[in-house]
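Coordinate inspection notes
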Amino acid sequence: RLMMEPSKEFVFNYKGFYFAVNTTPEYVASLENFEIKDSDIFIATYPKSGTVWTQNILSLILHEGHRNGTENMETMDRIPWVEYNIKNMDYANLPLPRVFATHLPYYLTPKELRNKKGRVIYVTRNPKDVLVSYYHFSKFIRTLEKIPDFNIFMERFLAGKVLASAWFDHVSGWYNHAKDFNILFLTYEEMKKDLRSTVLKICNFIGKKLSEEEIESVVRQATFENMQKDPRANYENMPDDIAIKGKGRFLRKGTIGDWKNTMTVAQSERFDEVLKEKIQTLPIKFTWDT
Ligand code: A3P
């Protein structure tokens, strides 16, 4: 039982959602009135669904594939986290268009965003890969609770007792409230299978015209292999108080179906027992392996 409750050392609950303790309930509450500009772009995800990937694609698109002037900036500074302003940046005065990343559930996002001001790109990934990626990630990130036993981690995940709460609630919330937002839905798997089409979709959504060459350049630099080689795309310079050196990498495997290497058949069946029917209510066709 005790193992099921997230430790207060790592998270707090605000309106039914678990946040890491490097933000506060007051700050999260203030986001309701966060001022949105028409050109704002929010990348919204449940953790481990392709956030950093999408952050990099957007950086590249906005800088025509060369990222001039931003190549020396950490991803976190180029596209900061809305609800975790750990560097105390002045969000109101960032260069336009502002791009933010967020794990917020739809109902805690800025009111203006929920009134179709600005744009949202929401990325989902098949939840077995999310679970496994999350499990490995927890070992590596200091600010996440350590749950060495995969079984317990999975039960926590299924019960929504992890940072960002229940995967299903997050995804279904955003999909069910799509009409409130100016929103583009993407999946990790479609990005993986056809990165070029994804890049074109994003360009179209944000109204950015790129030349054939620029598109090629974005696609080339956003592959797993090339991002893994780029210390900034790969979050290599994460401060010591966030990442535990040698315990993992932000870009770990980057594949579809890696869950099969961690989950046993029994665990996969247990997972299906809890989530399969729910998943069928979502308007997404997940790809579970390659
Ligand atoms: P794995 O742990 O399965 O490798 P997030 O950024 O939301 O935390 O998601 C992290 C996951 O996205 C990791 O999954 C990471 O490897 C994967 N990822 C990041 N960049 C990628 C890319 N260019 N291609 C494929 N997967 C990528």
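Look a little higher up for the structure.
Here we summarise the structure given alongside this text. (Residues numbered from 1 in each chain as written. Predicted model: local features only at pLDDT ≥ 70, side-chain atom pairs only at ≥ 80, totals over all residues.)

Right, let's get into the packing of helix α4 (residues 127-140) against helix α5 (residues 150-159). α5 packs onto α4 with a crossing angle of 120 degrees between their chain directions and a minimal axis gap of 10 Å. Put simply, α4 runs oblique to α5. Considering the relative orientation of α4 and α5, their crossing is right-handed. Packed against α4, whose contacting residues are L131, Y134 and Y135, the element α5 presents F150, F153, M154 and F157 at the interface. Residue classes in the contact of α4 with α5 are distributed as 7 nonpolar, no polar and no charged. (Axes fitted to C-alpha atoms, helices over the stretch in contact; angles between N-to-C directions. Helix = DSSP H or I, 4+ residues; strand = E, 2+ residues; numbered from the N terminus. Parallel < 35°, antiparallel > 145°, perpendicular 65-115°, else oblique. Left-handed = near helix turned anticlockwise from the far one by under 90°. Contact = placed C-beta atoms within 7 Å. Nonpolar A, V, L, I, M, F, W, Y, C, P; charged D, E, K, R; others polar.)

The next thing to look at is the nonpolar core. Core analysis: the largest hydrophobic core is formed by 59 residues, its most contacted members being I43, I57, L58, I61, V120, I121 and L131. The greatest single-element share of this core, amounting to 7 residues, is contributed by helix α2 (residues 51-62). Excluding anything up to four places from it in sequence, L58 contacts I41, I43, I79, V99 and I202. (Core = buried A, V, L, I, M, F, W, Y, C linked by C-beta atoms within 7 Å. Buried ≥ 20, exposed ≤ 12 C-beta atoms within 10 Å, placed from the backbone.)

Glancing now at α4. In a regular helix each residue adds 1.5 Å, so 14 residues correspond to 20 Å; α4 covers 20 Å between its end C-alpha atoms and thus fits that length. Of all 14 residues in α4, 10 are buried; the element is thus mostly enclosed. Inspection of α4 places P127, K128, D129, V130, L131, V132, S133, Y134, Y135 and S138 among the buried residues, and these make up the whole buried set. Buried residues along α4 sit against α5, α6 (167-176) and α11 (265-280). (Expected span 1.5 Å × (residues − 1).)

With that settled, consider the packing of α2 against helix α8 (residues 195-206). For the pair α2 and α8, the least separation of the axes is 11 Å and the interaxial angle reads 60 degrees. Relative to α8, α2 is oriented so that their crossing is right-handed. Between α2, through I57, L58 and I61, and α8, the contact on the second element is made entirely by V199, I202 and C203. Split into classes, the residues belonging to the contact of α2 with α8 amount to 6 nonpolar, no polar and no charged.

Of all the residues in α6, the buried ones are W167, H170, V171 and W174. With its buried residues spanning 90 degrees around the axis, α6 presents them on a single face. Looking at the packing, one finds that the buried side of α6 touches β3 (41-45), β5 (119-124), α4 and α5. (Arc of directions from axis to C-beta.)

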